[in-house]
Amino acid sequence: DEYKAEKALSEEDLKNAISIHHALSIKAVDYEKKPNVLKLKTADWRVFLFQAQSPEEMDSWIRVVNSVAAMFSAPSFPAAIGSQKKFSRPLLPATTTRMSQEEQLKSHEAKLKHVSTELAEHRSYPPDKKVKAKEIDEYRLKEHYLEFEVERVGKITSATLILNTGAPQGCMLSPHLYSLFTHDCTARHDSNTTKFADDTTVVGLITDNNETAFREVVRDLTVWKDNNLFLNMIKTKEMIDFRKQQREHPPIHGTVVEKVESFKFLCVHITDKLKWSTHTDSVVKKAQQRLFNLRRLKKFGLSPKTLKSILSGCMVWQLLRPQP
């Protein structure tokens, strides 16, 4: 049955639930009767097959199951030691881990390195053909366990990606990488350097027409940009407010910086007089465009209730939210 958050789980549900701690979910490539089938192998080596409606849904389930198993599975306990030299699998606790994500990552990396080395050493000493069948079974059992662990832990950690500059678009670490890459891009004086996504803005207070500190910050930013970065001079603008005497900005890389009376910063139009007329006109223009679309929909015979839903659910929301 479909799980519902508002519905309490019964004892029967808990009895039939599948524990996915230390589990591994992969595509069932060896199963050809039905398409989009994923294989779930649990910590006690039980195997379950599930069919998804599409390849995308199958990949999504595989990714989610492996992520949950990696985030909440506690580290394994050492295997039991007996008088006989018999291979025993480590104990896999069903409790949730108490380690932080950073500690988990280090634990997974150490685990992957350990089991990979152990698997290579195990394969380098295969059993002799003259040994008993029991010893061969022991060898295969350990090899199967190590292969499973290498695949399971290997699914948790992604491959290493060397970045020369920038951050991959859409990556979960991109915001952190951007903050790390631009950490040393700071102002030496009272000027403020604002960084947002791939935009950088320098805001400085110029008193008594003394532009020395502000120009030094701009020069520092230009030098900092030379570190494997490209400064787009077409998008570089300068706006000076509340000053009658305005000087030309020194060229950057031989290009004259364009001086503007207004510019768009984080979806807000700012003018050199700090007035709202430009921004208000932009919002009104968008509202008129939305109303025109609403009138067109009315001509097609939409009911007032439907038009009201479109207005409140789409158009008003688009006007109030920041526009890129």
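Remember, it's a predicted structure, so these values are computed and weren't measured experimentally.

Peer 1: What's the story with the packing of aromatic side chains in this structure? I'm lost.
Peer 2: Note on aromatic pairs: each is described by the distance of the centres and the angle between the planes. Summed over the entire model, instances satisfying the criterion amount to 1 aromatic pair. Sitting over the ring of Trp 45, Lys 41 keeps its end group 5.0 Å from the ring centre. Against the face of Trp 45 rests Arg 89, its NZ or CZ located 4.3 Å from the ring centre.

Peer 1: Looking at this structure, how should I read a nonpolar patch on the surface?
Peer 2: Taken together, the side chains of Val 64, Val 68, Met 71 and Phe 72 make up a nonpolar region of the molecular surface, amounting to roughly 320 Å² of accessible area. The topology assignment puts Met 71 in helix H2 (residues 55–72). Given a relative accessible area of 40%, Met 71 falls into the partly exposed group.

Peer 1: How should I be thinking about the sheet that holds strand S1 (residues 24–27) in this particular structure?
Peer 2: Consider a sheet: its strands pair through backbone hydrogen bonds, and that pairing is either parallel or antiparallel. With antiparallel pairing, the 3 strands of this open sheet are ordered in space as S1-S2-S3. Of all the strands in the sheet, the pair left with one neighbour each is S1 and strand S3 (47–51). Adjacent strand axes in the sheet meet at a mean angle of 25°, parallel and antiparallel pairs treated alike. Note: strand S2 (residues 37–41) against S3, 5 bridges, orientation antiparallel. Within the sheet, the bridge partner assigned to Val 37 lies in S3 and is Gln 51. Contacts between H2 and the sheet are confined to S1 and S2, with S1 contributing the most and set at about 160° to the helix.

Peer 1: I would appreciate a short explanation of the pairing of S2 in the present structure.
Peer 2: A regular strand places its side chains on the two faces of the sheet in alternate fashion. Where burial is concerned, most of S2 is hidden: 5 out of the 5 residues are buried. Neither face of S2 is open: one carries Val 37, Lys 39 and Lys 41, the other Leu 38 and Leu 40, and all of them are buried. In the sheet, S1 pairs with S2 via 4 bridges, with the strands oriented antiparallel. Each residue of the ladder has a partner; that of Ile 26, found in S2, is Lys 39.

Peer 1: Quick question: what am I supposed to make of the pattern of salt bridges here?
Peer 2: Across all of its chains, the model carries 7 salt bridges by this definition. Measuring nitrogen to oxygen at the nearest pair gives 3.7 Å for the salt bridge that ties Lys 142 to Glu 118. Remark: Glu 118 occurs in helix H3 (residues 101–124) and Lys 142 occurs in helix H4 (residues 133–156); sequence separation between them is 24 residues. Notably, a salt bridge pairs Glu 149 with Arg 152, separated by 2.9 Å at the nearest N-O pair.

Conventions used here
- Residues numbered from 1 in each chain as written.
- Predicted model: local features only at pLDDT ≥ 70, side-chain atom pairs only at ≥ 80, totals over all residues.
- Heavy atoms only, no water.
- Phe/Tyr/Trp six-rings, centres within 6.5 Å; stacked < 30°, edge-to-face > 60°.
- Lys NZ or Arg CZ within 6 Å of the ring centre and 35° of its normal.
- Patch = residues over 30% accessible without salt bridge, like charges linked within 9 Å, V, L, I, M, F, W, Y side chains within 5 Å.
- Areas by Shrake-Rupley, 256 points an atom, 1.4 Å probe, with all protein chains shown as cover.
- Salt bridge = Lys/Arg side-chain N within 4 Å of Asp/Glu carboxyl O.
- Helix = DSSP H or I, 4+ residues; strand = E, 2+ residues; numbered from the N terminus.
- Buried < 20%, exposed > 50% of the residue type's maximum accessible area, 1.4 Å probe, protein only.
- Pairing = 2+ DSSP bridges.
- Axes fitted to C-alpha atoms, helices over the stretch in contact; angles between N-to-C directions.
- Contact = heavy atoms within 4.5 Å.

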